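Chain and residue survey
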Amino acid sequence: MLKRLTSNRSIKYSALGLLVLVLLTVPLWGTQYLVMLFLLISLYVAFAQMWNLLAGYAGLISLGQQIFIGLGGYTLAVLTEYYGLTIWQSILMGGLISGVVAAFLAFLLFRMKGVYFTIASWITAEIMVVVFSNWAYVRQGMGIFIRSAYKLSTNDIYYAALALGISSVILVQIILRSKLGLGLMAMRDNEGAAETMGVEIFKSKLYCFIISAVVTGFTGGVLYLSQAFIQPTAAFSISWTVAVIFIVIIGGIGTVVGPIVGAVIYVLLQQFLSQYVGIGMLILGVMAITVILIAPKGIMGTLQQKLRFEIFSSRRI
């Protein structure tokens, strides 16, 4: 039995290693369009993993993750354009600033639970839109061109996005196998029982929220590095979080592989539906409802339940 488990694990890790190798070589054999496609998938994987960490494992359903996407993007724009910092220093600072803002917001938002937390997180993001749209320092609603982005090739940005996508998966896997991860899942299932068992509820939520914000801030910086222009209404738009929720729900909330599968499906659908501007969102909505009705746990959640097989297990070995 042990030999069989070891063999299965070797096959699994070999397949994952081969997949990573293929992704690393995409710029060598793929077209620029294909590179951009995988770049977007990598970014959405990172965004989705962080939202899934909050909602799927900690029970914190946020509609305000766009706060940190916008902060990551604006930090990149301001520090490179106004202060001459390097791109990578600015992206690093974007993540750190997002973490600091998340720590501050936690003391306000964590006073609310359930739907009240969800609504409050969304309202906070809308406040950010108003603040940045009227802030002369960041050129108000006109936005900022990130000229330093043109110093990098698409391949450079692709590798940065890929590193974030892979790192987010590894990070979530490490967290889930740690004491923090066990506490988050216990808290998600029954907060009262988790507290009785010794889980420090506020501290666990705080760590989870900050980690999610920092990685989302890094990813937001790379996202706007690829776009080279940032504007408040787009940067802090709820459409980012709606896309991430779609990805996690169809992929499988509370699974590590679900956001990866969901990101691939979403980006491919987004490319296909770009020619149907008027009904694109309607089609995505119908798809999400269909998946919820047929497979309430998402594609990967349902497959894992039926086949009893997990690519990334949260159980300690």
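Residue numbering note: each chain is counted from 1, following its sequence as written. In keeping with the predicted nature of the model, local features appear solely for residues at pLDDT of at least 70, side-chain atom pairs appear and are counted solely at 80 or more, and the whole-chain, interface and lining totals rest on all residues. Note that the side-chain values use all heavy atoms of the structure and ignore hydrogens as well as water.

1. Observations concerning the confidence of the model for the protein chain
- A residue-level look at the protein chain finds 93% of positions with pLDDT of 70 or above and a mean pLDDT of 90.
- What pLDDT conveys is the predictor's confidence in a given residue, as a value from 0 to 100. Only runs of H or I of at least four residues qualify as helices and only runs of E of at least two qualify as strands under DSSP, and these elements are numbered from the N terminus. When the elements of the protein chain are averaged for pLDDT, helix H1 (residues 2-24) gives the smallest value, 74, and helix H4 (residues 66-81) the largest, 97.

2. Observations regarding the environment of Gly280
- By secondary structure assignment, the location of Gly280 is in helix H14 (residues 280-294).
- The sequence separation of Gly280 and Leu79 amounts to 201 residues, and the corresponding C-alpha distance is 36 Å.

3. What about the nonpolar core?
- Definition of nonpolar core: a set of buried residues of the types Ala, Val, Leu, Ile, Met, Phe, Trp, Tyr and Cys, connected through side-chain atoms within 4.5 Å. Only protein chains enter the area calculation, which uses a 1.4 Å probe; residues under 20% of their type maximum are buried, those over 50% are exposed, and those in between are partly exposed. Residues Tyr44 and Phe209 are the most contacted members of the largest nonpolar core, which totals 93 residues.
- Ranked by residues supplied to this core, first place goes to helix H3 (residues 32-58) with 17 residues.
- Here, residues are in contact when the closest pair of their heavy atoms is within 4.5 Å. Ignoring sequence-local partners within four residues, the contact set of Phe209 consists of Leu54, Gln65, Phe68, Ala102, Leu105, Ala106, Leu109 and Phe110.

4. Notes on the environment of Ile87
- Residue placement: Ile87 occurs in helix H5 (residues 87-109).
- Classification of Ile87 as buried rests on a relative accessible area of 9%.
- Taking the C-alpha atoms as reference points, Ile87 and Met36, separated by 51 residues in sequence, lie 19 Å from one another.
- Those residues in contact with Ile87 that lie beyond four places of it in its chain are Leu76, Thr80, Ser148, Ala149, Leu152 and Leu225.

5. Remarks on helix H13 (residues 258-273)
- In this analysis, the expected span of each helix is defined as 1.5 Å times one less than the number of residues it contains. Here H13 is 16 residues long and its end C-alpha atoms lie 22 Å apart, about the 22 Å a rise of 1.5 Å per residue gives.
- Along H13, the residues classified as buried are Gly258, Pro259, Gly262, Ala263, Tyr266, Val267, Leu269 and Leu273. Down the axis of H13, the sector holding all buried residues measures 165 degrees, keeping them to one side.
- Buried residues in H13 make contact with H3, helix H12 (239-251), H14 and helix H15 (298-307). Each direction from the helix axis to a C-beta atom contributes to the arc, which is the arc of those directions.

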